[in-house]
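Analysis of the macromolecular model
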Amino acid sequence: MEKVKVGIIGCGKISGIYMQNCRSYDLLEVKACADLDLERARAKAEEYQIPVACRVEQLLQDPEIEIVINLTVPQAHAGVCLAALDAGKHVYVEKPLAVTVEDARQILDKAKEANRLVGCAPDTFLGGGIQTSRKLIDDGWIGQPLAASAFMMSGGHESWHPDPEFYYLKGGGPMYDMGPYYLTALIHLLGPIRRVTGSAQISFAERRITSRPKYGQVIQVEVPTHVTGILDFASGAAATMITSFDILGGSTLPNIEIYGSEGTISVPNPNTYDGPVRIRRKEAKEWSEVPLTHGYTSNSRGLGVLDMAYAIRSGRAHRASGELAYHVLEAMHGIHEAAREGKHYAMKSDCDQPAPLPMGLPENMLDR
């Protein structure tokens, strides 16, 4: 297949792994990178041997670039995605798809009008750990999935992140930051969500930064930092999910567990690509670790871009789709709305359960 040329907008902390991986994937060619800070773009281009470092407008005007990878901060996701679609590009964006469901809907509508694809992180569910979990479920190892639990318990980002403010502003918070990993994994394993409810709180009105270079600065918290959701899936399964930046003493809770009529699967951290995957069937006395059935077990960010590039060339559906990301975003907003109003939130959107990956794919290809 002819290579798909991509351009990366946003050269911050996460861009390095995208640049590294996308340069190694067989179907992708990273042609340019851009940032509001042109010097930062030039530094990344030199580090990762990207031919062109430029301003955003110049990248969007390049007729050879087919996919724009949008790695800007969440508040800029919608604007950059819409500009890329207006320029005739397909677009793949870091999570979340947008800050508001209205902006996200506008992105999907514009993409449909323009006959362009939208993809969205996370793509961690394409890694070996969650793909192995999906195969166990599909092959009946735990019978009918009945319920699930998911926990993201942390003490927040101000102790280590160089620019932690946006995690506590509109569009941030533990659900919007980490919820996409957990919800995307759950949807991949259990299918789309029918309704949600939730409870949410701001435990600390202010957060003091203890990382460099902003040590001592105070953040005024705008979003809930401890969020509990209850999810009812269209399949009949139900899940409990907690995301928190307020767990200062640590936690021993699992990442994700899927409970079935014949046993339980312990699913690995959905913010990673590898294992371990463990299973305990109802007649077993202890847990067993399952050898991973699929590859892509290292940090493979950009795998969703590769899958979308194959979709562009072949016409098949891509897995980390805009529709999936929209469903995840609506669920996160629905949990917050339910918490504010004290009622269930019925999901308005639907999405296809992403197809599992075939076994045996080479580590730099994703052609089926």
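Residues numbered from 1 in each chain as written. Predicted model: local features only at pLDDT ≥ 70, side-chain atom pairs only at ≥ 80, totals over all residues. Heavy atoms only, no water.

**As for the layout of surface pockets**
The condition that has to hold: Each cavity reported here is a set of points on a 1 Å grid over the protein atoms alone in which a 1.4 Å probe fits but cannot get out, each pocket an open set with protein on both sides within 12 Å along at least five of seven lines, and each lining residue one with an atom within 4 Å of a point. Grid points are joined across faces, edges and corners, and a volume is the space filled by probe spheres set on the points. In DSSP terms, a helix is any run of H or I states spanning at least four residues, a strand is any run of E spanning at least two, and both are numbered starting from the N terminus. In this classification, the charged set is Asp, Glu, Lys and Arg, the nonpolar set is Ala, Val, Leu, Ile, Met, Phe, Trp, Tyr, Cys and Pro, and all remaining amino acids, among them Gly, are polar.
In this structure, the largest pocket encloses a volume near 1200 Å³. For the lining of the largest pocket, the elements supplying multiple residues, two or more each, are α4 (74-86), β7 (145-153) and α7 (173-190). Of the residues contributing to the lining of the largest pocket, the split by class is 21 nonpolar, 11 polar and 8 charged. One number sums up the size of the second largest pocket: a volume of about 420 Å³. What lines the second largest pocket is a set of 25 residues, among which Tyr176, His333, His336, Glu337 and Arg340 lie closest to the centre. Of all the secondary-structure elements, those providing two or more residues to the lining of the second largest pocket are β8 (193-201) and α9 (322-341). Among the elements that line the lining of the second largest pocket, the one with the most residues is α9, at 9 residues. Each residue belonging to the lining of the second largest pocket can be placed in one class, and the counts come to 13 nonpolar, 7 polar and 5 charged.

**A look at empty space enclosed by the protein**
Within the structure shown, the criterion is met by 3 cavities of 30 Å³ or more. In this model, the largest cavity occupies a volume close to 80 Å³. Taken together, 16 residues form the lining of the largest cavity, with Cys120, Ala121, Pro122, Thr184 and Ala325 sitting closest to its centre. Every element with two or more residues in the lining of the largest cavity is listed here: α7 and α9. Per-element accounting of the lining of the largest cavity gives the leading share, 5 residues, to α9. Class assignment for the residues of the lining of the largest cavity results in 13 nonpolar, 2 polar and 1 charged. Put simply, the second largest cavity is a space of about 50 Å³. What lines the second largest cavity is simply Leu126, His294, Gly295, Tyr296, Leu357, Pro358, Met359, Gly360 and Leu361. Grouping the amino acids of the lining of the second largest cavity by side-chain chemistry returns 6 nonpolar, 3 polar and no charged.

**What about the pattern of salt bridges?**
The cut-off we apply is this: Any Lys or Arg side-chain nitrogen located within 4 Å of an Asp or Glu carboxyl oxygen qualifies as a salt bridge.
Evaluation of the coordinates by the stated rule reveals 21 salt bridges. The salt bridge involving aspartate 86 is made with lysine 110; its shortest N-O contact spans 3.0 Å. On the criterion of sequence distance, the pair formed by aspartate 86 in helix α4 and lysine 110 in helix α5 (residues 101-114) is long-range, its members being 24 residues apart. Salt bridges sharing common partners tie together Lys31, Asp62 and Glu64.

**Digging into unusual backbone geometry**
Cis peptide bonds are those with omega within 30 degrees of zero, and the linkage from lysine 95 to proline 96 qualifies with -5°. One can find proline 96 in the loop between β5 (90-93) and α5. With an omega of 10°, the peptide bond running from glycine 275 to proline 276 counts as cis. Inspection of the secondary structure assignment puts proline 276 in the loop between β14 (263-267) and β15 (277-281).

**Things to note about the packing of aromatic side chains**
Stated precisely, the cut-off is as follows: Two aromatic rings from Phe, Tyr or Trp, using only the six-membered ring of Trp, form a pair when their centres are within 6.5 Å; if the ring planes differ by under 30 degrees the pair is stacked, by over 60 it is edge-to-face, and anything between is tilted. Classification of residues uses two cut-offs on accessible area relative to the type maximum, computed with a 1.4 Å probe and protein chains only: under 20% is buried, over 50% is exposed, and between them is partly exposed. Cation placement over rings: the criterion is NZ of Lys or CZ of Arg within 6 Å of the ring centroid and within 35° of the ring normal.
Taken as a whole and assessed by the stated rule, the structure comprises 2 aromatic pairs. Between phenylalanine 166 and tyrosine 167 the ring centres are 4.3 Å apart and the planes differ by 25°, which places this aromatic pair in the stacked class. For phenylalanine 166, a relative accessible area of 25% gives the class partly exposed. Looking at arginine 212, its charged tip hangs above the ring of tyrosine 215, at a distance of 4.7 Å from the centre. The cationic tip of arginine 278 hangs over the ring face of tryptophan 287; the distance from NZ or CZ to the ring centre is 4.8 Å.

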